[in-house]
2 protein chains.
Amino acid sequence: MNKYRQLYQQHKNDLFQKFLTLLKFPSVSADPAYYGQLNACADWLCNYMKDLGATVEQIKNYGLPVVLANFSVDPKLPTVLIYGHYDVQPANDRDLWFQDPFEPLIRDGKIYGRGVADDKGPIMMGLFAISILKNLGQLPLNIKIILEGEEESSGEAIFKLVEREPEKLKCDLVLCTDTGGLRSGRATIVYSTRGLVYKQIDLIGPSHDLHSGTYGGPVQPPTNALALILAGLFDAEGRINIPGVYDKVRAIDPDERKAFADLNFDYERYKNHIGTDTLITEPGLTPLEQNWCRPNLCVNGIIGGYTGQGPKTVLPSTASAKISMRLVPDQDPQEISGLIDQRIRQLCPPGIRLEIKDFGQAEPFLGLRSGPAVEAATEAITCVYECGPDLIREGGTIPILSHFARYTHPNVLCLGFTGAECNTHGPNENLSLDAFDKGVETMCLFLELLAGRIERS
Amino acid sequence: MNKYRQLYQQHKNDLFQKFLTLLKFPSVSADPAYYGQLNACADWLCNYMKDLGATVEQIKNYGLPVVLANFSVDPKLPTVLIYGHYDVQPANDRDLWFQDPFEPLIRDGKIYGRGVADDKGPIMMGLFAISILKNLGQLPLNIKIILEGEEESSGEAIFKLVEREPEKLKCDLVLCTDTGGLRSGRATIVYSTRGLVYKQIDLIGPSHDLHSGTYGGPVQPPTNALALILAGLFDAEGRINIPGVYDKVRAIDPDERKAFADLNFDYERYKNHIGTDTLITEPGLTPLEQNWCRPNLCVNGIIGGYTGQGPKTVLPSTASAKISMRLVPDQDPQEISGLIDQRIRQLCPPGIRLEIKDFGQAEPFLGLRSGPAVEAATEAITCVYECGPDLIREGGTIPILSHFARYTHPNVLCLGFTGAECNTHGPNENLSLDAFDKGVETMCLFLELLAGRIERS
């Protein structure tokens, strides 16, 4: 038993009370009704980190408070900036939960509650690690903690802060804790996430709904037009058919392909979880490669005309779709957004007025796959888990990562201690106590190892 | 002033009270809550026709009552069977009406109320004509009246009656009064209507909604698949791309094309009414020809995924569409339905389970464009309106017509006295008093002329 585990076991009950308190804040950023709770949660975090010895501040200029804590040890030592978010997804599906989502419940080795995996658990792993390290003497390096309150509502506050006040966030490595894992019982290093372009397409045909018999033929139904436009975004092989969209997509590195294959990922289990017997890939790609390394276009929503029970012979006046494209390095969201618009306009048939709404963009991220920080993390994980990390990409999007890499420090590392079974964003969000404990220990060990490996810039 | 107009003007006030009474029945067949009112309406019609000298019966074996009245004069004279329906569309949009839709209102030369144009007004034109003709002596031929109560709810009662009890409906001409007109101030003879095949397509992808980032690529979204399938039903020129679908479509008769051109139809007014600046046609066709003489495929409804405000990165589990095809002579609904299913199955991509629901079919109808009955109608209309009828096709569907033509009598004539401005099926349904009066007079004259023109079979 290492020194960290020992000390953690001694103080676990006390520490855990703090975790439960944090989980009880209904810090739902999507709903302004909870803004008071978000502010209270930020205050509580500040006080807790002050108790741990940090100097703290709240930045409220850009939106909901961004909490910034500074555990300064020695200016000669390197500094790590740990990122997390204290806001959570809504939990309006209360009937589907075992308990009140903001009254955490421990059962069968798991802790249930909204935010326990995303991202309050990972935040607490970092703070507990700091507490333990300080208990053992002093921190091995300078630590900054940045916790935002708008991650689940696509807020802009932290983006503005990162751009406009880089000196506050000065560091030698950014560590992101808001990462999931590929499979349970493992820790994960995610070194790439996909970017995002999201749009709504509104089609307007006749000024009012018409009878499909009396008018069908001379009048273009926007529902028909919508199908034509959306289908026109794909070629016969199911690839994206938008000229230029693949131009900057990197070929997959042979080293990476080998590393993915070495994961021995269980596709049968994956298919069972999804509830499908068919996975779609371009020729020569595995499903993980398809998800991680290739852009993807998804029709997220579609609506038009009569959608109730039975038939209604209506030729509708309008139809709409929401579409999003996931981007990979080195696709540029702005450029891709323009290509999509151009293609949609080209596909729009006569008799239809087209409006395109943009829901924002996020850049793809490609971070560290090797180097001192990855080595330190791998060593810490291997020591605690008795097996190495899953070193992976991720199909989803974490918009802040590329922003940190551009404005704060080029070296951004993502450590994940949660897994697919955590029901992140869903009902009965949970985290196994074992995963939490391992996360705390790994963080202790990682910070110690990191201190000896990275350079002060 | 002809003899019919004179007598009608004398008795108009009394007769009109009957019309108002009929309009007050909320005979909404779509809603079982109104079945009592439908029965009461049928009873009232029976009593009224009994008062006019008919023997009447109600056939209730097949659904809501079908009212059958027999005005027998002389077995040696020919018999005309007049068809109409006493049920009406729902009027749940009460806020949009000037008044209670079942409290008829006369204002500015129009009578407002649900069913006034579709089809209680046309029914009353026939019954008033009978009353006037009897007042002047006797009916010039035998008249049967058949009034159903399920036309607005796609009921089957009259179809079964027509198939199973043809002897009750024996006649020498079927006259349908449930026809609209092309433009106001004219009477219309519709000699062809389109048929219909209507289906719902349900696509099932993953067993539950997924995150479009974490799963996008290897998993086929049913929304994407729906667009591919629907778009695959059309070719690059917008024609229907279902092999075999045009095989039996008749070329348009040059005589008909000339007759359509001679209508001098006002397309600018038509486009203004629709609210579009673009009408779609196959090469060489006019918009009316496109609507009347060519099959058409319309996506009547489409739904899948997230359709609320803003973005949501969901890869949905299901997506659905409702599609209908209007058929022209000599397309066979059953055959076309099979071709559509086959094409949809062929277009369905891997990873998607497909279900197709059928909402029934209707045959196209091609009736009389010339001959003694059309001549009699044309002469009567020309006399009353001081211009001839619009002799037209119609893009919509009247399923009972081809059933009458097959089981009752091959000669089916459709006379229309209502127009596009009547707001049929919409709020403030109305009929101009002038159109009503002209309809009554035309019916009197038509029945007189018809008696001398058609043969007893």
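Up top is the structure these notes are about.
Looking only at helices and strands, chain A has 13 helices and 18 strands in total. Rg of the C-alpha trace for chain A: 24 Å, near the compact-globule value of 23 Å for 457 residues, within the 12% margin. Considering only C-alpha atoms, chain A reaches an extent of 85 × 50 × 45 Å along its principal axes. Evaluated residue by residue, chain A yields a buried proportion of 59% over its 457 residues. As displayed, chain A has an accessible area near 17,800 Å², and 46% of this comes from carbon and sulfur atoms. Put simply, chain A has 44 plus and 57 minus side-chain charges, and the middle of one group is 1 Å from the middle of the other.

Time to look at the sheet that holds strand β18 (residues 430-432) of chain B. All names here are of chain B. With antiparallel pairing, the three strands of this open sheet are ordered in space as β4-β5-β18. Only two strands of the sheet have a single partner each, and these edge strands are β4 (105-107) and β18. Taken pair by pair, the neighbouring strands of this sheet meet at an average axis angle of 25°, ignoring direction. Pairing of strand β5 (residues 110-112) with β18, which is carried by three bridges, proceeds in the antiparallel orientation.

Let us look at the interface of chain B and chain A. Interface size, as often reported, equals the accessible area lost upon joining of the parts. Of the residues lining the interface, 67 residues belong to chain B; the matching set on chain A comes to 67 residues. Summing both partners gives a buried area of about 5,200 Å² for chain B against chain A, and 59% of it is carried by carbon and sulfur. At the boundary of chain B and chain A, one finds zero salt bridges. Top contributing element to the side of chain B that touches chain A by residue count: strand β11 (residues 296-305) of chain B, with ten residues. Tallied by class, residues from the side of chain B that touches chain A come to 30 nonpolar, 32 polar and five charged. Inspection of the sheet shows strand β11 (residues 296-305) of chain A paired to β11 of chain B by five bridges, in the antiparallel sense. Counterpart to Ile-302 of chain A in the pairing with β11 of chain B is Gly-304 of chain B.

On the secondary structure map, Arg-393 of chain A appears in strand β16 (residues 390-394). Aside from chain neighbours lying at most four places away, what touches Arg-393 of chain A is Val-190, Tyr-191, Ser-192, Glu-256, Phe-260, Trp-292, Cys-293, Pro-329 and Leu-366 of chain A.

This next bit is on the packing of helix α1 (residues 3-23) of chain A against helix α2 (residues 35-51) of chain A. Residues and elements named next belong to chain A. Contact geometry of α1 with α2 gives a least axis separation of 11 Å together with a crossing angle of 160°. By the criterion of interaxial angle, the relationship of α1 to α2 is roughly antiparallel. For the pair α1 and α2, the sense of crossing is left-handed. Across the interface between the two elements, Leu-15, Lys-18, Thr-21 and Leu-22 of α1 pack against Cys-41, Trp-44, Leu-45 and Tyr-48 of α2.

Residues and elements named next belong to chain A. With an omega of 10°, the peptide bond running from Asp-118 to Asp-119 counts as cis. By the element assignment, Asp-119 lies in the loop between β5 (110-112) and α3 (120-135). Here the residue pair Pro-329 and Asp-330 is connected by a cis peptide bond, since its omega of 5° sits within 30 degrees of zero. The backbone of His-425 sits at a positive phi, close to 70°, despite the residue not being glycine.

Turning our attention to empty space enclosed by the protein. All names here are of chain B. If you walk through the whole model with that rule in mind, you get four cavities of 30 Å³ or more. Looking at the largest cavity, its volume works out to about 70 Å³. Forming the boundary of the largest cavity are Ile-82, Tyr-83, Gly-84, Pro-122, Ile-123, Gly-126, Leu-127, Ile-145, Leu-147, Thr-177 and Met-443. Mapped onto the lining of the largest cavity, the elements with two or more residues apiece are β3 (79-85), α3 (120-135) and β6 (142-148). With four residues, the single largest contributor to the lining of the largest cavity is α3. Of the residues assigned to the lining of the largest cavity, the class counts are eight nonpolar, three polar and no charged.

Okay, the packing of aromatic side chains next. Aromatic ring pairs are described here by two measures, namely the spacing of the ring centres and the angle between the planes. Tallying each qualifying case throughout the model produces 30 aromatic pairs over all chains. With a centroid separation of 5.6 Å and an interplanar angle of 65°, the aromatic rings of Tyr-198 of chain B and Phe-359 of chain B are classed as edge-to-face. Of the two residues, Tyr-198 of chain B sits in strand β9 (residues 195-204) while Phe-359 of chain B sits in strand β14 (residues 353-362), which places them 161 residues apart along the sequence. What makes Tyr-198 of chain B buried here is its relative accessible area of 1%. Owing to a relative accessible area of 24%, Phe-359 of chain B belongs among the partly exposed residues under this scheme. Centre to centre, the rings of Tyr-267 of chain B and Tyr-270 of chain B are 6.1 Å apart; their planes meet at 80°, and the pair counts as edge-to-face. Highlighted residues: Tyr-267 of chain B and Tyr-270 of chain B, both in helix α8 (residues 267-274), separated by three residues, approximately one helical turn. Taking relative accessible area as the criterion, Tyr-267 of chain B reaches 22% and is therefore assigned partly exposed. Taking the relative accessible area as the measure of exposure, Tyr-270 of chain B reaches 10% and is therefore buried. Every member of this aromatic cluster is reached through a ring pair, and the members are Tyr-8, Phe-16, Phe-19, Phe-128 and Phe-436 of chain A. Directly above the ring of Tyr-191 of chain A sits Arg-369 of chain A, whose terminal nitrogen or CZ lies 5.5 Å from the centroid. The ring of Tyr-385 of chain B has Lys-438 of chain B sitting right over it, with the charged end atom 5.5 Å from the ring centre.

What counts, and at which threshold
- Residues numbered from 1 in each chain as written.
- Chains lettered and ligands numbered in written order.
- Predicted model: local features only at pLDDT ≥ 70, side-chain atom pairs only at ≥ 80, totals over all residues.
- Heavy atoms only, no water.
- Helix = DSSP H or I, 4+ residues; strand = E, 2+ residues; numbered from the N terminus.
- Rg over C-alpha atoms; globule rule 2.2 N^0.38 Å.
- Buried < 20%, exposed > 50% of the residue type's maximum accessible area, 1.4 Å probe, protein only.
- Areas by Shrake-Rupley, 256 points an atom, 1.4 Å probe, with all protein chains shown as cover.
- Lys, Arg positive; Asp, Glu negative; His and termini not counted.
- Charge placed at Lys NZ, Arg CZ, Asp CG, Glu CD.
- Pairing = 2+ DSSP bridges.
- Axes fitted to C-alpha atoms, helices over the stretch in contact; angles between N-to-C directions.
- Contact = heavy atoms within 4.5 Å.
- Buried area = accessible area lost by both parts, 1.4 Å probe.
- Salt bridge = Lys/Arg side-chain N within 4 Å of Asp/Glu carboxyl O.
- Nonpolar A, V, L, I, M, F, W, Y, C, P; charged D, E, K, R; others polar.
- Parallel < 35°, antiparallel > 145°, perpendicular 65-115°, else oblique.
- Left-handed = near helix turned anticlockwise from the far one by under 90°.
- 1 Å grid on protein atoms, 1.4 Å probe; cavity = no way out; pocket = protein on both sides within 12 Å on 5 of 7 lines; lining within 4 Å.
- Points joined across faces, edges and corners; volume = space filled by probe spheres on them.
- Phe/Tyr/Trp six-rings, centres within 6.5 Å; stacked < 30°, edge-to-face > 60°.
- Lys NZ or Arg CZ within 6 Å of the ring centre and 35° of its normal.

Keep in mind these values describe shape, not function.
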